[in-house]
Structures are given as C-alpha cells and as structure tokens.
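# Observations on chain architecture
Here is how the chains run, residue by residue.
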Amino acid sequence: MGEPTMEFSIANLQPKERASFALRALYEAAGCRKYHMGRFEEYGLYQANRSFLSSEQVITFTDLDGRLLALKPDVTLSIAKTAQPAPSETLCYYYHENVYRPSAESHTFKEISQMGLEMLGAVGEAQVQQAVCLAARSLDALGAEWVLEVSHMGYLFGLFDALGVPDAARAKLLEKLREKNAHELRAAAGAAGLADAADILCSVLGLCGSYADTLAKAAALCRNDAMRAAVAELEALAVPLEKAGGVIRLDMTLAGEMEYYNGLVFQGYLKALPRPLLKGGRYDLLMQKFTPGAGAIGFAVYLDELDRLSAPLPPVQKNSTDRVMLNVALPKGRLGDKVYHLLAGIGYGCPEDYNATRKLVVENPEAGIRYFLVKPSDVAIYVEHGAADVGIVGKDILTEAEADVYELLDLGIGRCRMCVAGPENFYDAPGRTLRVATKFPHITAEHYTAKSRDIDIIKLNGSIELAPILGLSDVIVDIVETGKTLLENHLAPLETIVDISAWLISSRVSYQFKHQEIAAMQAALARKL
C-alpha cells in the first residue's frame, strides 16, 4: 500500500499564506497584471526620495561594477520609476515582494512580506474609486472584522491655504493633527503666528467618525474650492464603499507626507492587530517626478502582521462579559493613584482596591473597564502594541519612546519641566564637545541637533545630578519639579526643553474598533478637568 496523501486545502495554510492566494485572485479578477522586480535598486533612488520612506535607514552595498545598491525598502518607488505610462494610458499592477526595513521592536533590519496594487498614468475618478474599493475588498478577503479609514490631503491643503499657513509650518501642523493632539496643535499654530486660526484647526480633530456624518461636518467647514473638490471626491466614494461590507470611517486627521500625497489617503485595520495592515493613497506628486503629467494611486498590505491572527487569545480577554471592555494601562505609583481616583470619579471605578491586592489586572464589567498596572515607562509600549486600548503616561516618556499613538488629552497632572541643568556658573564653551548625562538620550539628541551643537551623551538610569558634581558630565538633561534638589547641590536649570504632564493616549487600532468608548472617556475627563 502506498503512503496516504493529503489533499491540498487553503484552510490549512497560515493566515498570510491564505491572504496571498485571496488577494492575488482579487487583483487578477480586477484586471491587474503581476509586476516582477529585482531584489536590489540603486541607492540614489532612495536618497533622492528619503521623505517618502518610512525610515531613512537602508541596507546598502557596492556592486561588482562599483555601483552603490540597496536592498529594497519600498516597492512603490521602483514601480513609479520604471512604469512610464504613455499619455492617456492607465497601468494597473499588483505585486508580492519582500522589502527590508528597520524594526522598531527588535532594532534590527527585518524582511517584510507585502502585497500591493498600483494604478499609474491616466488616473481619474473611476480609477480612484476602483483602487479604494479594492483596498476595502482586500480587507474583507482576510476573514476578520475590519475598518477602513479614509481622508483627503487636498482638504487639508485647502484649509491651510485658506488660513494662510506658511509652508514652513505645515509639516508640524500635520504631525499634531495625525497625533490628535489639540493642546500642541494650538501651540504649533501660535508659534506660526496663527493663534486666531487655532480654533478652526482644532475643529478638524472633530472630523472623525461615521462616513456620512463626518462628511457633512467636513462640507460645512469648507472655505475654498480645493476643500469643496475634496469633499465632492469623498462623496462620490460613499456609494461604492457602502458595498464593501466592513466599517468605513472618515478621519480628516489622517495625513500622508505632503511632499508626495495630494489626494485621497487611507488605512485599513483588522481587529486584534496592533497597527494598520493596509496603507495607501494618491501620490501624483511622486509619480510626476518620473513621468510628468501622470497620476498614481495605490496601497500595500503588510502580510507579516497576519501571523498574529493565529496567536492564542490572551487569558484576560477570555473573561466573558456583555460589555465592550476598555483596557487601560495605569502607571504604578503616585501618578497612577491620582489618575485612578480621577477616573473613578467619572464612573470608571472598580469594586476591588488595586492597592490592596497583588493582582496586576482589576476590572469592573458593569462599568466596562479593566485596568492593567504597569511600570510608567512601559505604558506607551502596551498601548502602541494594542495590549491596552488607552493609557496614562508622562509626556517625557511619550516623547522619549516616540510611541505611535494618539495623544488625546493633556490631563494637567504631575506638571514639571524637562530641563538642561548644570553648575550655577556654567559657561558652554562652543569650541569643545559638550558632555551631557541623562535618562532621556532621544530627547537630548533631538534638542542639541536642532541647535547644531556637538555633544557626547552619557546614558544614566538614576541620580543624574551626581554627574556634573563628579565631573562625569558638563550638564544634565532631566525632569525638574521644584528645583530644590538642584539648588541643594549647587546646580541650576539652564534651559527648558519641554513642559511635562500626564496625557491620555490611545492605541490607533483601538480607536477604530472602540471609538465610542474611548471618545466617551475622553469627553468625561475633559469635562472633569
């Protein structure tokens, strides 16, 4: 007897393998052709388009003929460079390629598997609608609950034009809109001489929610033809997207790099994944660097993210409850105690006193709340990776970690300053390298880079004030509350880098799937404050 044979079944494959079969069938049925490319690309392409890349770090090597090559960190750039559509021609390609990018988690380069679709050349309303609908259908083909978030760069550019926003200030305002950070959006507007326009800019933060309702609000805010044209394009998408089957949300704070993206931008989320699975948009400005007059729209699906779908459900999520539970990362210590009492006062308390138990998780299903007690420095990590929906964290930790989260509300608790401090009579001699001791190397590096000052950073974990006293450093960068410790050690604040307080932050994915619950907590806290 021969060996028994197993029938091939797509159901037996891993999630990302099943996805590749489903997406290939979808794109070929839509008339797209497979695009094949080499693993290497000339480094000059990425050097000339650094701001389009997610990171400027690229793996390079010198080829046998002396050319400087790179392992591809991006596929879209290569396709845009080589496609060369003829006038009035529309090219539609899909691809399944590996790219090589630095990983924020491992701090090493990672090989990333992605599939995507690009439409290039004559790109009009029909092509735009087809591309965005294919993005929605791509999410629907993955077999999990999903959300597609849509925005329009033309709307934001139109608003900036109407308000007279200087070119130099636009990138900063877009950054604060992406973070949903009203407090710092106002500050950035004031710094750009636009204090009178701060309320209008902050009103964009409210343009987030169901597609139809948000579109009506966006239309009411229009101030010029560019904004009205963007709203008309979004309105034309409404009916085709209704047939996609998932949840379509409009969020006008979603923005791409303004040097390249000029129209629709969108991101797709799957429940249980900590970051967007799909990203795309209209990038005529990039395409026209290679083919004048051409347009382009496309998206990428990051298949490696799907591996998480096969992971077992965390024990804490197995507790059955009829309510949607909001998972909150609370910092241990005085800050956590203050925030817990604040939340308990607006209806988010728990029957069990977390200070009287050794449990790391306490919850109240009736209130729909669950608290995780974690180290303050870990709060942003839990939230960014989706283990917690929201968290409370100091601005110092948030800035140092560069966490990719929404910064929803300044709670005004634990106010202090991040300062440069040193001996009372300190003179910074510009002719030599400045030695700086700190627990915050990223904040320190950013501060002194902006001043073009050459420094050596000495990373310490505590007792920072000792460093200049013992000659280990010239100055320190640290948190200053009252300044009493500095004074008692004959040190003084020399310069304030940033004001610090506790912030309510949210996971980007949780904001899509638990938007109502997060918005309710944010609003209740804002009223209480």
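Here is what the cut-offs are and how they apply
Residues numbered from 1 in each chain as written. Predicted model: local features only at pLDDT ≥ 70, side-chain atom pairs only at ≥ 80, totals over all residues. Heavy atoms only, no water. Salt bridge = Lys/Arg side-chain N within 4 Å of Asp/Glu carboxyl O. Buried < 20%, exposed > 50% of the residue type's maximum accessible area, 1.4 Å probe, protein only. Helix = DSSP H or I, 4+ residues; strand = E, 2+ residues; numbered from the N terminus. Pairing = 2+ DSSP bridges. Disulfide = S-S within 2.5 Å. Contact = heavy atoms within 4.5 Å. Axes fitted to C-alpha atoms, helices over the stretch in contact; angles between N-to-C directions. Parallel < 35°, antiparallel > 145°, perpendicular 65-115°, else oblique. Left-handed = near helix turned anticlockwise from the far one by under 90°. Nonpolar A, V, L, I, M, F, W, Y, C, P; charged D, E, K, R; others polar. Patch = residues over 30% accessible without salt bridge, like charges linked within 9 Å, V, L, I, M, F, W, Y side chains within 5 Å. Areas by Shrake-Rupley, 256 points an atom, 1.4 Å probe, with all protein chains shown as cover.

So, on to the pattern of salt bridges. Two side chains of opposite charge can pair, provided their charged atoms sit close to one another. Applying the stated criterion to the full structure yields 33 salt bridges. A single salt-bridge network, built from bridges that share partners, covers K172, E175, K176, E179, E184, K395 and E407.

The buried fraction of strand β21 (residues 475-480) amounts to 5 of the 6 residues, a majority that puts the element mostly inside the structure. Summarising the sheet, strand β19 (residues 434-438) and β21 pair through 3 bridges and their orientation is parallel. Paired with A437 across the bridge in β21 is I476.

Right, let's get into the state of the cysteines. Under the defined criterion, the tally for this structure stands at 1 disulfide. Disulfide partner of C32: C92, at an S-S distance of 2.5 Å. Of this pair, C32 sits in the loop between α1 (15-29) and β1 (33-34) while C92 is found in strand β5 (residues 90-102), placing the two residues 60 residues apart along the sequence. We note that C32, like C92, is buried. In this structure C202 is not part of a disulfide, and its nearest cysteine sulfur, from C208, lies 15 Å away. For the unlinked cysteine C222, the closest cysteine sulfur is that of C208, found at 17 Å. Here C222 falls in the buried class, since its relative accessible area comes to 16%.

What follows covers the environment of D456. With respect to the helices and strands, D456 occurs in strand β20 (residues 455-459). Separated by 11 residues in the primary sequence, D456 and A445 have C-alpha atoms spaced 9.2 Å apart. In contact with D456, not counting residues within four places along its chain, are T433, L434, R435 and V436.

Where α1 meets helix α4 (residues 125-140), the axes come as close as 10 Å, and the angle between the chain directions of the two elements is 150 degrees. In terms of axis orientation, α1 runs roughly antiparallel to α4. Regarding α1 and α4, the two cross each other, and that crossing is right-handed. Here α1 contributes L23, L26 and Y27 to the contact with α4, which in turn contributes L134, R137 and S138. Within the contact of α1 with α4, the residues separate by chemical class into 4 nonpolar, 1 polar and 1 charged.

Together, L466, I469 and L470 make up an exposed nonpolar region whose accessible area comes to about 310 Å². Here L470 lies in the loop between α16 (466-469) and β21.

On to the sheet that holds strand β22 (residues 491-500). An order of β20-β19-β21-β18-β22 is seen for the 5 strands of this open sheet, with the pairing classed as mixed. Edge positions in the sheet fall to β20 and β22, since each of these pairs with one other strand and no more. Taken over all neighbouring pairs, the strand axes of this sheet differ in orientation by 30 degrees on average, direction set aside. Note that strand β18 (residues 416-423) and β21 share 5 bridges and pair antiparallel. Bridged to R417 within β21 is V480. Here helix α15 (residues 441-450) sits on the sheet and contacts β18, β19, β20, β21 and β22; the angle it forms with β20, its principal contact strand, is near 170 degrees.

A separate point is the environment of K180. Mapped onto the elements, K180 comes out in the loop between α6 (167-179) and α7 (182-191). With near-sequence residues (within four places) excluded, K180 lies in contact with L205, C208, D251, T253, Y406, E407, L408 and Y511.

Every other side chain in a regular strand lies on the same face of the sheet, so the side chains alternate between the two faces. In terms of burial, strand β11 (residues 278-282) is a largely internal element, 4 of the 5 residues being buried. Taken together, the 4 bridges between strand β10 (residues 264-270) and β11 define a ladder with antiparallel strand orientation. Bridge pairing links F266 to G280 in β11. Sheet topology places β11 next to strand β12 (residues 295-302); 5 bridges connect them, and they run antiparallel. Within the sheet, the bridge partner assigned to G281 lies in β12 and is G298.

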